[in-house]
Amino acid sequence: MIRQTLQLLKPRWWSLTHGHGDPRRILRTGVLAAMGLGFWTGIYLVSRRLLTYFQKSEDIGDILAYKLLSIVLVTCFSLLVFSAILTALSKLYLSKDLNLVHALPVPVETLFLARWIESTVDSAWMVVVFTLPVLAAYGTVYRPGLFFYADILLALVPLCLTASGISALIVLGVVLVLPASRIQSVVVFLGLSVFIVLYLAFRMARPERLVDPETFSTVLGYMEQLKAPSPPYLPSTWALDSLKAALRNQWGESLFHAALAWSSALFMLFLNLWAAKTAYFRGYSKTQEAMIRLFRGQGTFLERVLSFLPGPVKSFAVKEIKTFLRDQTQWSQVFLVGALIVIYLYNYSVLPLEKSPIQTVYLQNVLSFLNMALAGFVLVAVVARFAFPAVSMEGGSFWIVRSSPITLRSFLWIKFWIYLLPLLVLSETLIVATNLLLRVTPLMMGISVATIFCLTPAVIAMGIGMGAAFPDFASENPAQSVTSFGGMLFMMLASALIGAVILLEAGPVYRLFMAGIKGKPISFWLWSGSVAAFSGALALCITAVVISMRFGETRLKQENSHAPKI
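Let me begin by describing the structure that accompanies this report. (Residues numbered from 1 in each chain as written. Predicted model: local features only at pLDDT ≥ 70, side-chain atom pairs only at ≥ 80, totals over all residues. Heavy atoms only, no water.)

**Some thoughts on the overall build of the protein chain**
Thinking step 1. Assigned secondary structure in the protein chain consists of 20 helices and 0 strands.
Thinking step 2. Out of the 566 residues belonging to the protein chain, those deemed buried represent 48%.
Thinking step 3. When contacts within the protein chain are restricted to residue pairs at least 6 apart in sequence, those whose partners lie at least 24 apart make up 81%.
Thinking step 4. Accessible area for the protein chain stands at about 27900 Å²; split by element, carbon and sulfur atoms hold 70% of it. (Helix = DSSP H or I, 4+ residues; strand = E, 2+ residues; numbered from the N terminus. Buried < 20%, exposed > 50% of the residue type's maximum accessible area, 1.4 Å probe, protein only. Contact = heavy atoms within 4.5 Å. Areas by Shrake-Rupley, 256 points an atom, 1.4 Å probe, with all protein chains shown as cover.)

Here it is, written out as C-alpha cells:
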C-alpha cells in the first residue's frame, strides 16, 4: 500500500521539481522567497516585542504569554480545519484528473490516502509557515534549548494531520448523505460548518478577558481565569501542553503530550482509511450524476438586466455571472467570507473603549482611521480569492475569448465591473458598520467612506490586471493561483497602495480632527494641505486602476503571441 501510494504521489513531486533551470522560474522563486521572508520576519519581530513586554510583568507575564500561545494554536487549528475541508472537497471529488486516477488498478483506500496526503500538505503548509515565526519568538525570549525547536515539529505535524483527518471525515459523510446532484447544498453545509468551527474556536479563546480585568471581582479571580486550562478535548490543547513543557525544559511531560497528539493523528488516519474503504467510491460515483440547476432561468433575467450593453459585451457579462453561480467551489468561499465579516464586526462590538485611560472620542476616531487600513487588507484578501483568478478561470476555453469579436481590453473591463459592485458593497458595509459601532464623528465617517470608495476599484483593477499578467489556464484549480508568483506580487503591491494612501491622509486627518475637537477654526493652509493630500490619494488610486488594467492587457497579448499553451 505504501509503495502504491508513493507511486501515485510521484506526479505531484515531478511537477514541483521540474523546470528548476528555467531563469524565469528561478527569478519568481527568489522574489516569492524574499517576500515570504519579509512577512516572516515582521511576524517574528512583532511577536518577540510582545513577549518581551509580557516578560516585564513578573506576576502575570508568563500567564499572558501562555494564553497568547493558546490563542495562536486554537486559531491555527481552526484555520487548518476549514482550509482542509475546502481542499479535501476539491482533491477528493472535484479534481479534473479523478476519472483517470480511479481507472488505475489500485485499491480505493490507496487512492484516498494519496489524495488525502496531497490535501493535507496543500491546506497546511501556509498556516504552518506563518505560525513558525511566533513559535521562534517564544524560543528566543524564553531560551529553552534545542529540544523546544524539535518539539515544534512533534506538536504541529499531528495537529495538521488531525485537522485534515477531521475535515476528510466531514467531507466523506456529507457527500455520501446528500445527493450529488445537489453538490451546491454540500458546499453550503460545509461553509456553515466552517463558520461554526471558526466562531466557536474564537469564542473559546475569549481574548477580551485579557484587557478587561474589571469583569472579575478580585485580582485573584482574574488571575485564576487567566490560568484556567484550555479545553482538554481540543487537539490544539495537546500541542499547547507539549510546547509549554518544552519551554520549561520538562522533556518527559512534553513528549507525553506529543505522544497524545500523535496517537490522535494516527487514529484519525485509521478512521479515514476505514471510512474511505466503505464510502469514498460511493460518494465519488454520486458526484458524476448530473447536477440540478440552483438558479433556474437566470440567463433570461440577466439578459434583461444587462440589455443596455452591446451584444458581445452583454454575452460575456452574462457568461461571467452564470459561471460564478454554477461554480460549486465558490459558494463555500462566500460563506467563509461571511463568517470572517461577522467575527470582524464582533471584535469591534466588544472593545472596552469606555474603560480606556485615553479620551474615548479620540480613541474611537483613531481606531476608525486605522480600521480603514484593516478593511483594505480584508478587501485585498477577498479580491485575491475571487477577482485575481478570474482570467485563469477561463481555462481551456480561453480560445473562445481570443476568437470572439471583442478585444482583450473589453474582456478585462467586463470582469472589473462585474466584481466592482459586490466588493464595493462589502467594503463599504465593513467601514460603515464598524464606524457605527465605534460612534465616530461625521468627519471621520465621511473620510472613511470616501477613502474605501476610492481604494476598492484600485485594488480590484490590480487583481484583474495582475491576474491577466500572470494567468494559469492549465491549472487544475485556478483558485490556487493566489499562492503563485503573480498572486503574491498582487497582494504585496495592493498592500503597499493601501499603506501609501493611509500615510498620505494621516497628517491632514489628524489636524482636521484635532481642530474640530478643540473648536478651532480651520485655516486656509490646513484646507489647502488637506485637499492636496486627498487629491494625491485619489490620483494614486486612479493611476493604479489605469496602469494595472493596461499592464494586464499588454501581458495577456504577449501570451497570445506565443504558441497556444492550453
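**Concerning the packing of helix 3 (residues 61–94) against helix 6 (residues 132–142)**
Thinking step 1. Look at helix 3 against helix 6: their axes get within 11 Å of each other, and the N-to-C directions meet at 160 degrees. By the criterion of interaxial angle, the relationship of helix 3 to helix 6 is roughly antiparallel. Crossing of helix 3 against helix 6: the hand is left-handed. Contacts between helix 3 and helix 6 involve D62, A65, Y66, L68, L69 and V72 from the former and V134, L135, Y138 and Y142 from the latter.
Thinking step 2. Of the residues in the contact of helix 3 with helix 6, the class split is 9 nonpolar, no polar and 1 charged. (Axes fitted to C-alpha atoms, helices over the stretch in contact; angles between N-to-C directions. Parallel < 35°, antiparallel > 145°, perpendicular 65-115°, else oblique. Left-handed = near helix turned anticlockwise from the far one by under 90°. Nonpolar A, V, L, I, M, F, W, Y, C, P; charged D, E, K, R; others polar.)

**Quick look at the packing of aromatic side chains**
Geometrically, a pair of aromatic rings is defined through the distance of the ring centres and the angle of the planes.
Thinking step 1. Scanning the model with the defined rule gives 9 aromatic pairs in all.
Thinking step 2. Seen in terms of ring centroids, Y66 and Y142 are 6.3 Å apart; in terms of plane orientation they differ by 20 degrees. Their pairing is stacked. A residue pair is termed long-range when its members are at least 10 positions apart, and Y66 in helix 3 and Y142 in helix 6 qualify at 76 residues. Just as Y66 is buried, Y142 falls in that class too.
Thinking step 3. Between Y138 and Y142, the ring centres sit 6.2 Å apart and the planes meet at 10 degrees, which makes this aromatic pair stacked. Linking Y138 with Y142, this pair stays in helix 6, spanning 4 residues, or about one helical turn.
Thinking step 4. Overall, the relative accessible area of 1% leaves Y138 in the buried class. (Phe/Tyr/Trp six-rings, centres within 6.5 Å; stacked < 30°, edge-to-face > 60°.)

**As for the side chain of H257**
Thinking step 1. In this structure, H257 sits in helix 11 (residues 251–287).
Thinking step 2. Once residues within four sequence positions are removed from consideration, H257 is found in contact with W238, D241 and S242.

**Re the environment of A124**
Thinking step 1. Along the chain, the position of A124 falls in helix 5 (residues 108–129).
Thinking step 2. The exposure class assigned to A124 is buried, which follows from its relative accessible area of 7%.
Thinking step 3. A sequence separation of 44 residues divides A124 from L80, and the C-alpha atoms of the two residues are 6.0 Å apart.
Thinking step 4. What A124 contacts, discounting residues up to four positions off in sequence, is L80 and C160.

**Considering the pattern of salt bridges**
Thinking step 1. All told, the structure shown has 4 salt bridges when counted by the stated rule.
Thinking step 2. For D122, the salt bridge is made with K91, and the minimal N-O distance between the two is 3.2 Å. With D122 in helix 5 and K91 in helix 3, this pair connects stretches of sequence that are 31 residues apart. Grouping residues by exposure puts D122 and K91 together as buried.
Thinking step 3. A salt bridge links E553 to K557; the nearest nitrogen and oxygen atoms lie 3.1 Å apart. (Salt bridge = Lys/Arg side-chain N within 4 Å of Asp/Glu carboxyl O.)

**What to know about the environment of L497**
Thinking step 1. Within the fold, L497 resides in helix 19 (residues 485–518).
Thinking step 2. When the C-alpha positions of L497 and C541 are compared, they lie 7.9 Å apart, and in sequence the two are 44 residues distant.
Thinking step 3. Leaving out residues up to four positions away in the same chain, L497 has contacts with L455, A458, M462, L540 and A544.

**Some details on the state of the cysteines**
Thinking step 1. Applying the stated criterion across every chain, the model contains 0 disulfides.
Thinking step 2. Looking at the unpaired C76, the closest cysteine sulfur is the one in C160, lying at 6.2 Å.
Thinking step 3. There is no disulfide at C541, and the cysteine sulfur nearest it, in C454, is 5.5 Å away. (Disulfide = S-S within 2.5 Å.)

**With respect to the nonpolar core**
Among soluble globular proteins, nonpolar side chains are generally buried collectively.
Thinking step 1. In terms of nonpolar packing, the biggest core is built from 58 residues, with F490 and L556 touching the most fellow members.
Thinking step 2. Of all the secondary structure elements, the ones that give two or more residues to this core are helix 15 (360–386), helix 16 (398–403), helix 17 (408–438), helix 18 (442–469), helix 19 and helix 20 (524–561).
Thinking step 3. Ranked by the residues each element gives to this core, the list is headed by helix 18, at 14 residues.
Thinking step 4. Excluding residues that lie within four positions of it along the chain, F490 makes contacts with V380, V383, A384, F388, V459, M462, G463 and M466.
Thinking step 5. Counting 55 residues, the second-largest nonpolar core is a separate cluster that includes F77, W116, F148 and L243. (Core = buried A, V, L, I, M, F, W, Y, C linked by side-chain atoms within 4.5 Å.)

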